[in-house]
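Chain by chain, the residues run as shown.
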Amino acid sequence: MCLASPPYSALIPLLINLSSNEGKNQYNDWVLKDQRHIVQILEDCPSLKPPMDHLLELMPRLQARYYSIASSPKIHARSIHVCAALVQYKTRVGRPAEGVCTSWLEKMVPNEQDQYKIPVFVRRNPKFRLPRRATVPIIMVGPGTGLAPFRGFIQHRAAIVREGRDCGENLLFFGCRHQEKDFLYQEELLELESEGILQLHTAFSRDTEKKVYVQHLMEQEAAKIWELLEKGAHFYVCGDAKHMARDVHKQLLDIIKDYGKMEQNDAETYVISLENSLRYQKDVWS
């Protein structure tokens, strides 16, 4: 069961009166916006003493956490790599908060004395995968931990190149705040770039006077992106859905309009055709 979530609607009558708009607003403000989970609600309201059996019966199940696989079986045949950000922050009332799964995993560093086992399963995602033909170019946009699946893609492509087989171009647009602190897999990516396997474009938004993000890098490489799209390239986006994916989508539309000499409606139709043919794939989250 999950004690780190806001209470389900079935629990609300036990905790707060929702029979009026005032009550709903109070719940929204005091529980949701202040990010109080069930234990904290009971701590802050000691007069609330629901029967324990009833409380446990109504608690939500702990939901599975899904992470992109950040490795290729061609390189790591007996292991799966995960790239996740450790979630730690303070709520607006000053309470420390942390991610349920990432804070749990942080403590599980294996050594000679301590070995850990965790329950995992692999879920296939048929709508976010490499092209069947290795010669098809790919364009990847993945700031922060959005890089995770693309590391697996790039490792797979690198293995193909090192086998002496033909491989399409691999463009990666990666962004983070600080190069020194946040550049994930820096050495690995730079090595692949030096080998000519990867065309790497980076943005470090807090290291420059003017903030530069992945969509700005796309604008700088607009001609190349259009050239590869016309050659059948697949376009991938992974990361934040609220801002990044929306801005990247808009930039992609602008590139298609400008370099394809299209009107807005025609550019949108072009993007829809990319989506329908699985040449424009997204793995995004809020």
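Preceding this paragraph is the structure being described.
First, a word on what this report is: a plain description of the structure on this page. Every value quoted in this text rests on a predicted model; they were computed, and no experiment measured them. (Residues numbered from 1 in each chain as written. Predicted model: local features only at pLDDT ≥ 70, side-chain atom pairs only at ≥ 80, totals over all residues. Heavy atoms only, no water.)

1. Overview of the overall build of the protein chain
What counts is decided by this rule: What counts as a helix is a DSSP run of H or I of at least four residues, what counts as a strand is a run of E of at least two, and both are numbered from the N terminus. Residue exposure (1.4 Å probe, protein chains only): buried if accessible area is under 20% of the type maximum, exposed if over 50%, otherwise partly exposed. Charged residues are defined narrowly, with Lys and Arg counted positive, Asp and Glu counted negative, and His plus the chain ends left uncounted. Note that the charge is assigned to NZ on lysines, CZ on arginines, CG on aspartates and CD on glutamates.
When its secondary structure is counted, the protein chain shows 12 helices and 7 strands. Its C-alpha atoms give the protein chain principal-axis dimensions of roughly 70 × 55 × 40 Å. Out of the 286 residues belonging to the protein chain, those deemed buried represent 38%. On the protein chain, the mean spot of the 37 positive side-chain charges and the mean spot of the 36 negative ones are 5 Å from each other.

2. Quick look at a positive patch on the surface
To be explicit about the condition: Patch construction takes residues with relative accessible area above 30% that form no salt bridge. Like charges are linked within 9 Å, and nonpolar side chains (Val, Leu, Ile, Met, Phe, Trp, Tyr) are linked within 5 Å. Only the protein chains shown count as cover for residues, with accessible areas throughout obtained via the Shrake-Rupley method and a probe of 1.4 Å. Salt bridges are identified by distance alone: a Lys or Arg side-chain nitrogen within 4 Å of an Asp or Glu carboxyl oxygen.
Residues Arg177, Lys181, Arg206 and Lys211 make up a contiguous surface patch of positive charge. For Lys181, a relative accessible area of 67% corresponds to the exposed category.

3. Let's talk about the pairing of strand β3 (residues 138-141)
Defined as follows: Here, strands pair whenever DSSP counts at least two bridges between them.
The alternating pattern of β3 places Ile138 and Met140 and Ile139 and Val141 on opposite faces, both of which are buried. Across 4 bridges, the pairing between β3 and strand β4 (residues 170-176) is parallel. By the bridge assignment for β4, Val141 is matched with Phe173. Pairing analysis gives 4 bridges linking β3 to strand β6 (residues 234-240), with the strands arranged parallel. Bridging from a neighbouring strand, Val141 pairs with Val237 of β6.

4. Let's talk about the packing of helix α6 (residues 148-162) against helix α8 (residues 186-194)
The following threshold applies: In this analysis, axes come from line fits to C-alpha atoms, helices being fitted only over the stretch in contact, and the angle between any two N-to-C directions falls in the range 0 to 180 degrees. Helix crossings are classified by the rotation of the near helix relative to the far one: an anticlockwise turn of less than a right angle makes the crossing left-handed, while a clockwise turn makes it right-handed. Here, residues are in contact when the closest pair of their heavy atoms is within 4.5 Å. Ten residues, namely Ala, Val, Leu, Ile, Met, Phe, Trp, Tyr, Cys and Pro, are considered nonpolar, four, namely Asp, Glu, Lys and Arg, are considered charged, and the remaining ones, Gly among them, are considered polar.
Here α6 crosses α8 at 35°, and the two axes come no closer than 12 Å. For the crossing formed where α6 meets α8, the hand is left-handed. Contact residues: α6 offers Arg151, Ile154, Gln155, Ala158 and Arg162, while α8 offers Glu188, Leu189 and Leu192. Considered class by class, the residues forming the contact of α6 with α8 number 4 nonpolar, 1 polar and 3 charged.

5. Side note on the side chain of His234
Rules: Within 3.5 Å is the distance limit for a polar contact, defined as a pair of N or O atoms, with the added protein rule that one can donate a hydrogen and the other accept it, and that residues adjacent in sequence qualify only through two side-chain atoms.
Within the secondary structure, His234 sits in strand β6. For His234, a relative accessible area of 12% corresponds to the buried category. Polar side-chain contacts of His234 include one of 3.5 Å to the backbone oxygen of Leu278. Not counting residues up to four positions away in its chain, the partners in contact with His234 are Pro131, Val136, Pro137, Ile138, Ile139, Leu278, Arg279 and Gln281.

6. Brief notes about helix α2 (residues 21-33)
What counts, and what does not: Along the arc lie the directions from the helix axis toward the C-beta atoms.
Taken as a whole, α2 has its buried residues at Gly23, Tyr27 and Val31. On an axial view of α2, the arc spanned by its buried residues comes to 40°, and they lie on one face. Of the exposed residues in α2, the ones pointing more than 90 degrees away from its buried face are Asn21, Glu22 and Asn25. Positioned one or two residues after α2, Gln35 has a phi angle of 55°, which is positive.

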